[in-house]
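The chain contents come next:
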Amino acid sequence: MGGKAKYHWQSQNVKQSGVDDMVLLSKITEDAIVDNLKKRYMDDYIFTYIGPVLISVNPFKQMPYFTDREIELYQGAAQYENPPHIYALTDNMYRNMMIDGENQCVIISGESGAGKTVAAKYIMGYISKVSGGGSKVQHVKEIILQSNPLLEAFGNAKTVRNNNSSRFGKYFEIQFSRGGEPDGGKISNFLLEKSRVVSQNENERNFHIYYQLIEGASAQQREALGIMTPDYYYYLNQSGTYKVDGTNDSKDFQETMEAMQVIGIPGDIQTQVLQIVAGILHLGNISFIEAGNYGQVESTDLLAFPAYLLGIDPNRLQDKLTSRKMDSKWGGKSESINVTLNQEQANYTRDALAKALYARLFDYLVESINKAIQKPHEEFSIGVLDIYGFEIFQRNGFEQFCINFVNEKLQQIFIELTLKAEQEEYVQEGIKWTPIEYFNNKIVCDLIENKLNPPGIMSVLDDVCATMHAKGEGADGTLLQKLQAAVGTHEHFNSWNSGFVIHHYAGKVRCLLDVALIKHQRLVFWGVLKIGTSVNCDNFIRSLFPENLNTDKKARPTTAGSKIKKQANDLVNTLMKCTPHYIRCIKPNETKRPKDWEESRVRHQVEYLGLRENIRVRRAGFAYRRLFSKFLMRYAILTAETWPCWRGPEQQGVLHLLRSVNMDNDQYQMGRTKVFVKNPESLFLLEEMRERKFDTFARIIQKAWRKFIARKKYEQMREEASDILYNSKERRKNSINRNFVGDYLGLEQRPELRQFLAKRERVDFADSVNKFDRRFKSIKRDLILTPKGIYLIGREKVKKGPEKGQIKEVLKRKMEFGSISSVSLSTRQDDFFVLHEAQYDSLLESNFKTEFLSLLSKRYEEVTKRKLTISFGDRLEFRVKKEGWGGGGTRIVVFQKGPGDLAQLKPGGKTLSVTIGDGLPKSSSSLYHRTAGLLLKHTFRSLSSVHQNGGAKFPRGPHNPQADITYSSPQKQGRPLQGGPPKLGSQRGPRPPAPNQYNQRNLDFLNVPDQGMKQRKRSITQRPPPAPKPQPRPQGPRCRALYQYVGQDTDEISFEVNDVFDLVKEDASGWWTGRIGGKEGLFPGNYVEKI
Ligand SMILES: Nc1ncnc2c1ncn2[C@@H]1O[C@H](COP(=O)(O)OP(=O)(O)OP(=O)(O)O)[C@@H](O)[C@H]1O
Ligand SMILES: [Mg+2]
């Protein structure tokens, strides 16, 4: 590759190969397009864009860029940010659907083996990965994914072109909830290739399920279904091909059965499904001999088994296969006569029955999937159309004729929407534009489907079928004559000696229609229905033939062409209602080998897909157009004037938005009803701004949610913590209902402390504690608990170097859980605890010991799989660190009853005596419950105040986001930092002077009421209850607001920045009382400065 390889300008380590978007080609010729595709293909880039259209070249090997990493990369990214990818197209559909509220569809086209089905599967996979959802949605996703192996088993087969060729077309709508979760779906299937059930060309196989059953059936199933080797069955042995390279039929069989299970097909029906599959195989082995012009079953022995499998009486089956009831009109009278069939007709009938059974079974499977994922009403959807490709065989019968017709129709949609509509729109909207020539294949569609003037091929065919004689001799000739008369001069039609040629958009196809066969299929339909309906009533097969022959007397198959014409037009209508996307698949070779590039083959596809015209139209035109109203809606969020809605003429609003992002004048044009943006890059500018705004909101929502979750978690922790001390230790009067915060040091903003932790190490608990040495002298330490252990951080003066004299943080001790043996505490209400460690112990004092202990014991158990021993006693022993020669040994702490709630310390030699008054009884427990609903209300109230003014404005200070949970400082913490409301809890700054003092001050309002705590509402935030009666204070201290504050409850006041008002009461909890506008209420003290 050399050092000169160019790399994608945004993605890292992505080599640039040719151009990503062929709109950027310097010359727009077929050669240049083919060259570009080849260059990329050889560099293993299978995807290339033409504007929004994705070109995909089949690599015939697994590419490495379909992992979770790519799924993440493409999620929410703009098209130009990453190399072209089917995930980018899918993500775009998903986002458009959600933002614009429009259904989307993607039309995947290309010839057989070009990679359509694989592409469809990538789309489904991506959607199921990126969209969330609960268990119901997961179930739907699973069914959507499992529908693939099931439908492929019954609908795909090996052909000469593709080892896994779809022999049916499908349109799979994935339906979404308003929240974007795939919660339903619907499959429509078309044109199952029924002829394959009874015969296959050389080197081809029947549908996969037959070989799967033969290879994968259990011994019991073999016995029950009469499974032999494939060459035993006439319906499989005509082509002599039974195996496919790289396919494990036996394994696939297990997958098929599992898929049936997931989809919810009951076990007994699964058995009957297999019975029909085997039944068809055995039916195929019934042969007929000619006996005096009549067809006769050659060996009646072969009748019994299929009859048994299909649940039909053998005599009746024989009867139906060799004769037909005909209604005949004779002299005004109508009578029913039994006509005996000849050998050929009997063969037709047998095959028709096999095909009908198979087709109805296939429909049943599709229906089962639909039933499992249907939803009562549709909201949004993304439709994926994977129809089998245009194909040319040596001999092209009626089915190929239909397939090619549908492909012609799809090409027509593509042309209508991308080339024709685009150009017409410019004219309509008055946009300056030079028209571009392209081939419109409508003329070919008309040749086939026109009803009259001149009648199209289908109409002529129907006519010939309707008027031919029963035997059908000479009908083919008649068809050709009539076609010659009707469309003989059409430039896309030629006749040849035994058939006709249609010049399709994708090439010339010689068709040979067997009119007698087409006609006969219609005639035997009735007979087949009779066989189907004569099955036992409770039989599954009977349910596949719901027709009631008595009342449905007139039910006849519609004419050969009318059904497919209707299906094709219905499909076109469905697609036209959605916002369309296109994937054009290209097949680079017929060898199915990677890196094999057959130039002429690719050129042919590039030509007929109209890629050159596509690029030219794109290039000359505008990448993006939107109705003014839709544009305004999508980008409203960008400016205050447009949010939530623009007042004034729409066109002005659009201009306002375009100018707000400084878009160059030559980048857009205003039409009559739409705005046109020239380059994708200009549009991405808008998109990016929009994303950024949304990101801001998303962050706010996330933050509120996290806060809510954290609060719930801490509440639960508090309950658990009090369990630890329950019945063992007296409690501090204010500690039981204190809310847990975890990190009291605000480590996120303390790099000097974080330096001792690993990069993403989580902090469970952090607080400043007192540590006692061998002489019981106390010193401050920062105690940090993480999943890795306990850290004790102190401060020391730097002794040398450039920072000499400065005070620096030092890691004094790190204890791993494995080395901690136990923790001991007194039974009184003091805050001491001893951490017993392998080397020596630590005597610590912390106001938040209960919280610390609860977190420690949880982590300890997680890591060591042992329970942490916590012991209680009023004589605690701790071993001190050995230092130098001396040291070591143990110290004792004795706890006694004394006056007051403050611990009094009296060191004496090796014993420290601690005296303290009685606390709350040992059996006190936390009874406080704050409902989740209340919390959520609170959270969303904060949020809604964010949205009040519409735009992406941050809350200016409605409510201190952390006040509820992290308020731990007893006093106003100096002047808050500039640039935002003060963060009460996590702020650095003076710690509470003495915890015990602090506790004492708050005692009155934190007392446990006699009736328990349930009635209490506010103590969680350590906020004093409102004063019973507001005391008017004529003159007194006043304060000025530094930040806006919006009261969160009825007993709070609100104020704006710079408001000056009376300060009624300062409280150590930080919640002060003030009076403003005649209302007295609480507010956070650090939102104001005293004047
Ligand atoms: N993106 C891809 N990566 C790897 N292999 C692929 C890819 N696309 C296609 N293939 C290979 O090509 C084969 C044919 O692809 P696929 O079945 O999708 O063709 P198709 O267009 O659906 O053809 P048909 O019209 O016959 O159904 C696949 O079985 C697979 O081996
Ligand atoms: Mg396919």
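Identification of the chain as Osteoclast-stimulating factor 1 from Oreochromis niloticus is taken from an unreviewed UniProt entry. The UniProt entry for the chain carries the following comment under Function (unreviewed entry): "Induces bone resorption, acting probably through a signaling cascade which results in the secretion of factor(s) enhancing osteoclast formation and activity." Taken from UniProt, the Sequence similarities (unreviewed entry) comment for the chain reads in full: "Belongs to the TRAFAC class myosin-kinesin ATPase superfamily. Myosin family."

Undergrad: I'd like to hear about helix 24 (residues 628–635), residue by residue, with values.
TA: Three or more residues of helix 24 are buried, namely Phe 628, Phe 631, Leu 632, Arg 634 and Tyr 635. Along the axis of helix 24, the buried residues cluster in a sector spanning 165°; they form a single face.

Undergrad: I'd love a proper account of the site of ligand 1, names of residues and values included.
TA: The environment of ligand 1 is formed by 20 residues, the closest being Ser 112, Gly 113, Lys 116, Thr 117 and Ser 165. Here an oxygen atom of ligand 1 and a side-chain polar atom of Asn 58 are 2.8 Å apart. Note that an oxygen atom of ligand 1 is positioned 3.0 Å from one of the backbone N or O atoms of Gly 115. Across the complex, the protein chains shield 85% of the 630 Å² of accessible surface that ligand 1 would expose by itself. Elements supplying a minimum of two residues to the shell around ligand 1: helix 4 (116–130) and strand 5 (165–166). If you tally residues by element for the shell around ligand 1, the top one is helix 4, at 4 residues. Taken together, the residues of the shell around ligand 1 break down into 7 nonpolar, 10 polar and 3 charged.

Undergrad: Report on a nonpolar patch on the surface, specifying residues and quantitative values.
TA: A surface patch of nonpolar side chains, about 240 Å² in accessible area, is lined by Met 228, Tyr 232 and Leu 302. Here Leu 302 is to be found in helix 12 (residues 301–310). For Leu 302, a relative accessible area of 31% translates into the label partly exposed.

Undergrad: Please provide a residue-by-residue account of the sheet that holds strand 36 (residues 1088–1090), values included.
TA: A sheet is described by the order of its strands in space; here 5 strands give the open sequence 35-34-33-32-36, paired in antiparallel fashion. The open sheet has two edge strands with one neighbour each: strand 35 (1079–1084) and strand 36. Between one strand axis and the next, the sheet turns through 45° on average, direction left out of account. Pairing of strand 33 (residues 1060–1065) with strand 34 (residues 1071–1076), which is carried by 3 bridges, proceeds in the antiparallel orientation. The residue of strand 34 that forms the bridge with Lys 1065 is Thr 1073.

Undergrad: Now, about unusual backbone geometry: what can you tell me, with residues and values included?
TA: For the bond running from Trp 643 to Pro 644, omega is -10°, close enough to zero to count as cis. Position of Pro 644 relative to the elements: it lies in the loop between helix 24 and helix 25 (650–660). Phi is positive for Lys 592, which is not a glycine, with a value near 65°. A relative accessible area of 26% places Lys 592 in the partly exposed class.

Undergrad: Outline the coordination of the magnesium ion (ligand 2), supporting the account with residue identities and numerical values.
TA: Binding of the magnesium ion (ligand 2) to the protein goes through Thr 117 (OG1) and Ser 166 (OG), at separations of 2.0 to 2.1 Å. Placement of Thr 117 in helix 4 and of Ser 166 in strand 5 is noted, with a sequence separation of 49 residues between them. Overall, the relative accessible area of 13% leaves Thr 117 in the buried class.

Undergrad: Give me the lowdown on the packing of aromatic side chains, citing residues and values where you can.
TA: Enumeration over the complete set of coordinates arrives at 33 aromatic pairs. Aromatic pair Phe 168 and Phe 362: ring centres 4.9 Å apart, planes at 70°, arrangement edge-to-face. In this pair, Phe 168 sits in the loop between strand 5 and strand 6 (169–176) while Phe 362 sits in helix 14 (residues 343–373), placing the two residues 194 residues apart along the sequence. Clustering of aromatic rings is evident, with ring pairs tying together Phe 47, Tyr 65, Phe 66, Tyr 74, Tyr 87, Tyr 122 and Tyr 126. Note that Arg 178 overlies the ring of Phe 380, its terminal NZ or CZ placed 4.9 Å from the centroid. Of note, Arg 813 hangs over the ring of Tyr 840, and the distance from its end group to the ring centre comes to 3.6 Å.

Reading the values: rules and limits
- Residues numbered from 1 in each chain as written.
- Chains lettered and ligands numbered in written order.
- Predicted model: local features only at pLDDT ≥ 70, side-chain atom pairs only at ≥ 80, totals over all residues.
- Heavy atoms only, no water.
- UniProt positions renumbered as here; feature names shortened; annotations may be inferred.
- Buried < 20%, exposed > 50% of the residue type's maximum accessible area, 1.4 Å probe, protein only.
- Helix = DSSP H or I, 4+ residues; strand = E, 2+ residues; numbered from the N terminus.
- Arc of directions from axis to C-beta.
- Near = heavy atom within 4 Å.
- Polar contact = N/O pair within 3.5 Å; in protein donor to acceptor, adjacent residues only side chain to side chain.
- Areas by Shrake-Rupley, 256 points an atom, 1.4 Å probe, with all protein chains shown as cover.
- Nonpolar A, V, L, I, M, F, W, Y, C, P; charged D, E, K, R; others polar.
- Patch = residues over 30% accessible without salt bridge, like charges linked within 9 Å, V, L, I, M, F, W, Y side chains within 5 Å.
- Salt bridge = Lys/Arg side-chain N within 4 Å of Asp/Glu carboxyl O.
- Pairing = 2+ DSSP bridges.
- Axes fitted to C-alpha atoms, helices over the stretch in contact; angles between N-to-C directions.
- Donors = N, O, S within 2.8 Å, 3.2 Å for Na, K, Ca; no water.
- Phe/Tyr/Trp six-rings, centres within 6.5 Å; stacked < 30°, edge-to-face > 60°.
- Lys NZ or Arg CZ within 6 Å of the ring centre and 35° of its normal.

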